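Residues per chain are reported as follows:
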Amino acid sequence: IVKEYFIRVLGVPEENVITLIDSDATKSRIEGYLVNYIPANVQKNTTLYVYFAGHGAPDMEKGDPYLVPFDGDTRFIDQTGYKLKKFYNDLDNLSIQRSYVFLDSCFSGVASRAAKMLAEETRPALIHVKDVKLKKKKIVSLSAASVGQASNAYPERGHGLFTYYLLKGLSGDADADDDSWVTVKEVFNYVSGHVSRVARRLGTEQKPTITPSLEKIRDVAIGKVLK
């Protein structure tokens, strides 16, 4: 569904979309596309959109957050996970204009959209997760939840809570000033407000985050509103 939105709403040519789902979303393939394939197939004026829906997990000793690919093992996360800091560094190394990252994931050690812990015999209160902040404006990243929170499902809508409102926002609902364009700040404010409100209704806390902070990014248009 996200692929369809990227093509229809953001205007990404279908032949430029890379889709890795389930067993295709291994660490080697994700990293291989980002480090090898994409650099050879982009230009300096390229805008890259990256969407990840899945588990995140911290290194239990250091607290470094990792994306957990299909073949990831949280017992050996530093070998099998994609370290979030490296992920952002790999994006920063691309010779392109800008990258937008959308992470429907969390790094609290709680399985995304579930109540169990990814790492057995651990308690959320005992896990310290480092917060990875971006300082460069070349990459803008929206994440589903704040440090220590879980990303929730939205069963009645058939999506992750973050993804549901992200897609609604991108398709035009976030256009607060009715100028027929949705901007970075409009999308984040829309997603953050709705996700926080619905999460409370579901009996939990979930506050999306953006990095760099809103004060440090230039408010540029992401896409045009479809009529």
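Residues numbered from 1 in each chain as written. Predicted model: local features only at pLDDT ≥ 70, side-chain atom pairs only at ≥ 80, totals over all residues. Heavy atoms only, no water.

K.L.:
Help me understand the pairing of strand β5 (residues 98–104) in this model?
P.N.:
The side chains of a regular strand alternate between the sheet's two faces. With 7 of 7 residues buried, β5 lies mostly within the body of the structure. Side chains of β5 alternate between two faces, with Arg-98, Tyr-100, Phe-102 and Asp-104 and Ser-99, Val-101 and Leu-103 buried alike. As judged from the 7 bridges shared by strand β1 (residues 47–53) and β5, these two strands associate in the parallel manner. Residue pairing in the sheet places Tyr-51 in a bridge with Phe-102 of β5. In terms of strand pairing, β5 meets strand β6 (residues 139–143) through 5 bridges, oriented parallel. (Buried < 20%, exposed > 50% of the residue type's maximum accessible area, 1.4 Å probe, protein only. Helix = DSSP H or I, 4+ residues; strand = E, 2+ residues; numbered from the N terminus. Pairing = 2+ DSSP bridges.)

K.L.:
Just checking my understanding: could you explain the packing of helix α2 (residues 27–37) against helix α4 (residues 84–92) for this structure?
P.N.:
Relative placement of two packed helices is described by the angle separating their axes and the distance separating the axes. Closest axis-to-axis distance for the α2/α4 pair is 9 Å, and the angle between their directions is 25°. As judged from the angle between their axes, α2 and α4 are roughly parallel. The way α2 lies across α4 gives a crossing that is left-handed. Of the residues in α4, those in contact with Glu-31, Leu-34 and Val-35 of α2 are Lys-86, Phe-87, Asp-90 and Leu-91. Residues that form the contact of α2 with α4 fall into these classes: 4 nonpolar, no polar and 3 charged. (Axes fitted to C-alpha atoms, helices over the stretch in contact; angles between N-to-C directions. Parallel < 35°, antiparallel > 145°, perpendicular 65-115°, else oblique. Left-handed = near helix turned anticlockwise from the far one by under 90°. Contact = heavy atoms within 4.5 Å. Nonpolar A, V, L, I, M, F, W, Y, C, P; charged D, E, K, R; others polar.)

K.L.:
Sorry if this is basic, but what is going on with the sheet that holds strand β4 (residues 82–83) here?
P.N.:
Backbone-to-backbone hydrogen bonds pair the strands of a sheet. The strands run either parallel or antiparallel. In space, the 3 strands of this open sheet follow the order β2-β3-β4, with antiparallel pairing throughout. Two strands lie at the open edges of the sheet, namely β2 (56–58) and β4, each paired on one side alone. With 3 bridges connecting them, β2 and strand β3 (residues 65–67) associate as antiparallel partners. Following the sheet pairing, Gly-56 is matched in β3 by Leu-67.

K.L.:
I'm lost on the environment of Pro-39 in this one. Help?
P.N.:
Of note, Pro-39 is situated in the loop between α2 and β1. What makes Pro-39 partly exposed here is its relative accessible area of 37%. Pro-39 sits 55 residues away from Leu-94 along the chain, and the two C-alpha atoms are 6.0 Å apart. Setting aside residues no more than four positions away along its own chain, Pro-39 makes contact with Tyr-33, Leu-34 and Leu-94.

K.L.:
I tried to follow the sheet that holds β6 on my own but got confused; where do I start?
P.N.:
Strand order in the open sheet made by the 4 strands is β1-β5-β6-β10, with mixed pairing throughout. For this open sheet the edge positions go to β1 and β10 (209–211), each flanked by a neighbour on one side alone. Across the sheet, the mean angle separating the axes of adjacent strands is 10° when strand polarity is ignored. Relative to β10, β6 is paired through 3 bridges, and the arrangement is antiparallel. Bridged to Ser-143 within β10 is Thr-209. Contacts from helix α5 (residues 161–173) reach β1, β5 and β6, with the element oriented near 140° to β5.

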